[in-house]
Number of protein chains: 2
Amino acid sequence: MIYPKSLSDSINYLKKLPGIGEKSAERMALSIIDMDEDTVKELANALNNCKLNLKKCSICGSLTENEVCEICQLSEDNYRNKNLICVLEDYKSVFAFEKSGKFDGVYHVLGGLISPMNGIGPDDINLSSLIKRVNDLDNPEIIVALKSTIEGEATTLYIKKIFEGKSVKISRLSYGIPMGMDIDYLDELTLLNALSDRKEIS
Amino acid sequence: MIYPKSLSDSINYLKKLPGIGEKSAERMALSIIDMDEDTVKELANALNNCKLNLKKCSICGSLTENEVCEICQLSEDNYRNKNLICVLEDYKSVFAFEKSGKFDGVYHVLGGLISPMNGIGPDDINLSSLIKRVNDLDNPEIIVALKSTIEGEATTLYIKKIFEGKSVKISRLSYGIPMGMDIDYLDELTLLNALSDRKEIS
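Residues numbered from 1 in each chain as written. Chains lettered and ligands numbered in written order. Predicted model: local features only at pLDDT ≥ 70, side-chain atom pairs only at ≥ 80, totals over all residues. Heavy atoms only, no water.

Chemist: Quick question: what am I supposed to make of the interface of chain A and chain B here?
Modeler: Interface extent is often summarised as the accessible area lost during association of the parts. At the junction of the two partners, chain A supplies 52 residues and chain B supplies 52 residues. A combined buried area of about 5,000 Å² lies between chain A and chain B, and 70% of that area is made up of carbon and sulfur atoms. Taken as a group, Tyr13, Leu47 and Lys51 of chain A account for 13% of the area that chain A buries against chain B, more than any other trio of residues on that side. Here chain A is connected to chain B by four salt bridges. For Lys92 of chain A, the salt bridge goes to Asp34 of chain B, with nearest N and O atoms at 3.3 Å. Remark: the boundary between chain A and chain B carries 20 residue pairs in polar contact (both at pLDDT 80 or more). Elements with a minimum of two residues in the side of chain A that touches chain B: α1 (5–14), α2 (22–34), α3 (37–53), β2 (63–64) and α5 (91–100) of chain A. The leading source of residues in the side of chain A that touches chain B is α3 of chain A, at 15 residues. Taken together, the residues of the side of chain A that touches chain B sort by class into 27 nonpolar, nine polar and 16 charged. (Contact = heavy atoms within 4.5 Å. Buried area = accessible area lost by both parts, 1.4 Å probe. Salt bridge = Lys/Arg side-chain N within 4 Å of Asp/Glu carboxyl O. Polar contact = N/O pair within 3.5 Å; in protein donor to acceptor, adjacent residues only side chain to side chain. Helix = DSSP H or I, 4+ residues; strand = E, 2+ residues; numbered from the N terminus. Nonpolar A, V, L, I, M, F, W, Y, C, P; charged D, E, K, R; others polar.)

Chemist: How do you make sense of α1 of chain A when you look at a structure like this?
Modeler: Spacing of three or four residues puts side chains on the same side of an α-helix, whose turn is 3.6 residues. Most of α1 of chain A sits out of view: seven of its ten residues are buried. Along α1 of chain A, the residues that are buried comprise Ser6, Leu7, Ser8, Ser10, Ile11, Tyr13 and Leu14 of chain A. (Buried < 20%, exposed > 50% of the residue type's maximum accessible area, 1.4 Å probe, protein only.)

Chemist: Any chance you could explain unusual backbone geometry here in plain terms?
Modeler: Trans peptide bonds make up most of the peptide bonds, and negative phi angles are found at most residues other than glycine. Unusually for a residue other than glycine, Asn139 of chain A sits at a positive phi of about 50 degrees. If you trace the backbone, Asn139 of chain A turns up in the loop between α6 (128–135) and β5 (141–144). Backbone geometry places Asn78 of chain B, a non-glycine residue, at a positive phi of 65 degrees. As for its position among the elements, Asn78 of chain B is in the loop between α4 (70–76) and β3 (84–88).

Given below as structure tokens:
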């Protein structure tokens, strides 16, 4: 054993974090020793609180420390458009959308995608509450923002079908070339999607 | 504010770790939410213990959870050569040496380098205990393994001077080309060192 136990324990736990290999975990654990005691205590507490304090928003399923998340609360107070619902797979996507800073509607987090292969059906994801939310609205609009995989497509089509015949406007994000990406690095499917979703140059 | 407080707290503290930027800290904090509660608690405890339990070995100044580190203990029990002392700047270098797995002597951690520019003199680093250790040995050998900076050189020469006239064998690590490095990427000083430290091809 090269490291004292406290150190190797820290390294082993840090390695469980995404993108952290042996070398990074070592560097991080060693830097902990050089930090002051309060900072380490606060870091440890912050990680614990992250796990203990965060729960699902009772309206949209996103992460919050309260009963209702900040975004849903803003929509209740009419600061955001509650008639425009963006449907997402997980709460991580909520943060990605919020960072763009351009969306003033609300979110609905499914917590998964329909995947018959993995035994995940429509009842296993957060769809019934979406139907309830939409039914309570006047002129609702849904933007389905799911990834372009078989499961994402299946879920998108299922949502489309649920609201068929009802006065609900439904769209999905466009598929295409990510910003800054070289065309020759694109996979075939992305290229085909970008081709079929092409837009007239105005 | 995009993130709930618990999450942004974690992100801010994780960013204090070396090599962790905004993006990595976000990814790590979000992954904490998906971990089970016990693992997060153990991670937090491991980090705290890392800070609280580790102290300096009373003999060599390396990190340990006990009074004497494992390496010094092994040398006391004659499993390692206590007459061969490798002098290092910090405990991180101890771990680097131990990983190589080829050194069977002991270490002495200075905890700094002599740097008149920064007001760090010989009395500010762990030198007096080195002198005491060496004086207690028969046929001691010292390998000075400090980095090739002005401070490293100054400290190496100072150590050489301390033991001048005494029957202490003193060497330093060779300077030269690191493994796998292209010659045209080397800085001038490394190249000059590699040139003057050149070895006959046998």
